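Next come the chains, spelled out residue by residue.
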Amino acid sequence: MDLINTQWMSNRMDKPAPTPAHQGQFERTVDLDHHDSVRNHVHQRVSSEVERLQRRIEVLRLTQAPHVAFMISSYQRMIDQKKGFLQNWDLSDRSMS
């Protein structure tokens, strides 16, 4: 059975992927970071991730588990990275500071 699956996969990987008929007709570049809907979506998503991490930290502070300080530190680094991402892309808001 393994031999059959391996042969099938190698045959599939050897063949180039089919290209759409319209691929060579025109090329359009889209800067997604300039579209407000994408910017809003990214801002909402990253902001909610930051809020979730902050709630996890609050719960961990009330817990007497081993390695709590390490976990809190890791979550705080993640929060800082996400806030930095928002700042770099001019997506940060005052409520997250």
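The paragraphs below set out a description of the structure included in this document. The shown structure was predicted, so the numbers you read here are calculated from the model rather than taken from an experiment.

**Description of the overall build of the protein chain**
Then, in step 1: Secondary structure assignment for the protein chain yields three helices and zero strands.
Then, in step 2: When the helices and strands of the protein chain are listed from N to C terminus, the series reads α-α-α.
Then, in step 3: On the protein chain, roughly 8,700 Å² of surface is accessible, and the fraction owed to carbon and sulfur atoms is 53%.

**Quick word on unusual backbone geometry**
One can expect most non-glycine residues to show negative phi and most peptide bonds to be in trans.
Then, in step 1: Residues other than glycine seldom take positive phi values, yet histidine 67 does so here, at roughly 65°.
Then, in step 2: Assignment of secondary structure puts histidine 67 in the loop between helix H2 (36-61) and helix H3 (68-88).
Then, in step 3: Note on histidine 67: relative accessible area 61%, which makes it exposed.
Then, in step 4: The residue aspartate 90 is not glycine, and still its phi comes out positive at about 55°.

**Let's talk about the packing of aromatic side chains**
Then, in step 1: Tallying each qualifying case throughout the model produces one aromatic pair.
Then, in step 2: Ring geometry for phenylalanine 85 and tryptophan 89: centres 6.4 Å apart, planes at 45°, overall tilted.
Then, in step 3: The class of tryptophan 89 is partly exposed, set by a relative accessible area of 39%.

The rules behind these values
- Residues numbered from 1 in each chain as written.
- Predicted model: local features only at pLDDT ≥ 70, side-chain atom pairs only at ≥ 80, totals over all residues.
- Heavy atoms only, no water.
- Helix = DSSP H or I, 4+ residues; strand = E, 2+ residues; numbered from the N terminus.
- Areas by Shrake-Rupley, 256 points an atom, 1.4 Å probe, with all protein chains shown as cover.
- Buried < 20%, exposed > 50% of the residue type's maximum accessible area, 1.4 Å probe, protein only.
- Phe/Tyr/Trp six-rings, centres within 6.5 Å; stacked < 30°, edge-to-face > 60°.

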